[in-house]
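Below, each chain spelled out in residue letters.
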Amino acid sequence: MIADPWLADTRTSYDTVAVSYADQLREALAGAPYLRAALALFADLVHAAGGGPVVDVGCGPGHVTAHLHKLGLDASGIDLSSGMIDVARRDHPRLRFEVGSMTDLDLADASVVGLLAFWSLIHVPDEAVPTVFGHFRRVLRPGGPLLLGFHVGDGARLKTRGYGGHPMKVHVHRRQPEQVAAWLRNAGFTVEAHMLIDPDESVPGAVLFARRQS
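Fair warning: this is a prediction, and the values are worked out from it, not measured in the lab.

Criteria and cut-off values
- Residues numbered from 1 in each chain as written.
- Predicted model: local features only at pLDDT ≥ 70, side-chain atom pairs only at ≥ 80, totals over all residues.
- Heavy atoms only, no water.
- Helix = DSSP H or I, 4+ residues; strand = E, 2+ residues; numbered from the N terminus.
- Buried < 20%, exposed > 50% of the residue type's maximum accessible area, 1.4 Å probe, protein only.
- Axes fitted to C-alpha atoms, helices over the stretch in contact; angles between N-to-C directions.
- Parallel < 35°, antiparallel > 145°, perpendicular 65-115°, else oblique.
- Contact = heavy atoms within 4.5 Å.
- Nonpolar A, V, L, I, M, F, W, Y, C, P; charged D, E, K, R; others polar.
- Core = buried A, V, L, I, M, F, W, Y, C linked by side-chain atoms within 4.5 Å.

**Student:** It is not clear to me how the environment of Thr131 should be interpreted in this structure. Could you clarify?
**Tutor:** By secondary structure assignment, the location of Thr131 is in helix H5 (residues 129–139). For Thr131, a relative accessible area of 41% gives the class partly exposed. Distance in space between the C-alpha atoms of Thr131 and Met102 is 8.8 Å, their sequence separation being 29 residues.

This is the structure:
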């Protein structure tokens, strides 16, 4: 049972849009060279750390998880939405996908070499981010790389419809890279780099690389 209303709303919303979301995002990386470059660098960092399990937290329909697999990583995915996990398993039957929440990751301590959260933090309210980053640190091995992607800006807006016109009820949070970096440092990460994507757009994106401290 999910106690927090925002978690329940997020799960229900993405259950509703799962198929349409997958259809719209299936080829998204093909037109995103900077995101592909960030994922390639993440893969290189995982290989340099000795390789091993990598988890895509908030994996949605699994398109990014599958891309990491093509880059040679032992990648699996976790998502709050069982509908998304059903689609991910359908589209990528050879990969591992499980239902779970980033606020309470059901993974053993220091069990993964790398962790990715690509635009999956955008529905997490500010007060829950430290808990999420605490779980990220707990499950990563010392020195393991972390890659985050998120919307850049300030404040949040309520999204009530999307991905084929289906009803949704999720708050979309926009954040400054400096704020995300500060939360990571407080959680025990070293921030190594961040890149702004589409800075001239109304809502830029950012990718941020960090590493779990020993």
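**Student:** Even after reading the chapter, I still don't get the packing of helix H1 (residues 5–25) against helix H4 (residues 82–91), so can you show me in this structure?
**Tutor:** Packed helices, taken two at a time, are described by the angle their axes make and the gap between the axes. Packing of H1 against H4 leaves a shortest axis separation of 7 Å and a crossing angle of 30 degrees. Of the possible angle classes, the one that applies to H1 and H4 is roughly parallel. Packed against H1, whose contacting residues are Tyr14, Asp15, Ala18, Val19, Tyr21 and Ala22, the element H4 presents Ser82, Gly83, Met84, Val87 and Asp91 at the interface. When grouped by side-chain class, the residues that make up the contact of H1 with H4 number seven nonpolar, two polar and two charged.

**Student:** Which parts of the structure should I look at to understand the nonpolar core?
**Tutor:** Side chains of nonpolar character tend, in soluble globular proteins, to be buried together. Core analysis: the biggest nonpolar cluster contains 31 residues, and Leu115, Phe133, Phe136, Leu146, Leu148 and Leu184 have the highest contact counts within it. Apart from residues lying up to four places away in sequence, Leu115 is in contact with Phe42, Val55, Val57, Leu105, Phe136, Val139, Leu140, Pro145, Leu146 and Leu147.

**Student:** When you look at unusual backbone geometry in this model, what are you seeing that I'm missing?
**Tutor:** Both trends apply: most residues other than glycine have a negative phi, and most peptide bonds are in trans. One non-glycine residue with positive phi stands out, namely Ala110, at about 50 degrees. Turning to its location among the elements, Ala110 is positioned in the loop between strand S3 (96–99) and strand S4 (114–118). Positive phi is not limited to glycine here, since Asp198 has a value of about 55 degrees. With respect to the element layout, Asp198 can be found in the loop between strand S8 (189–197) and strand S9 (205–212). On the basis of relative accessibility, which here comes to 47%, the residue Asp198 falls in the partly exposed class.

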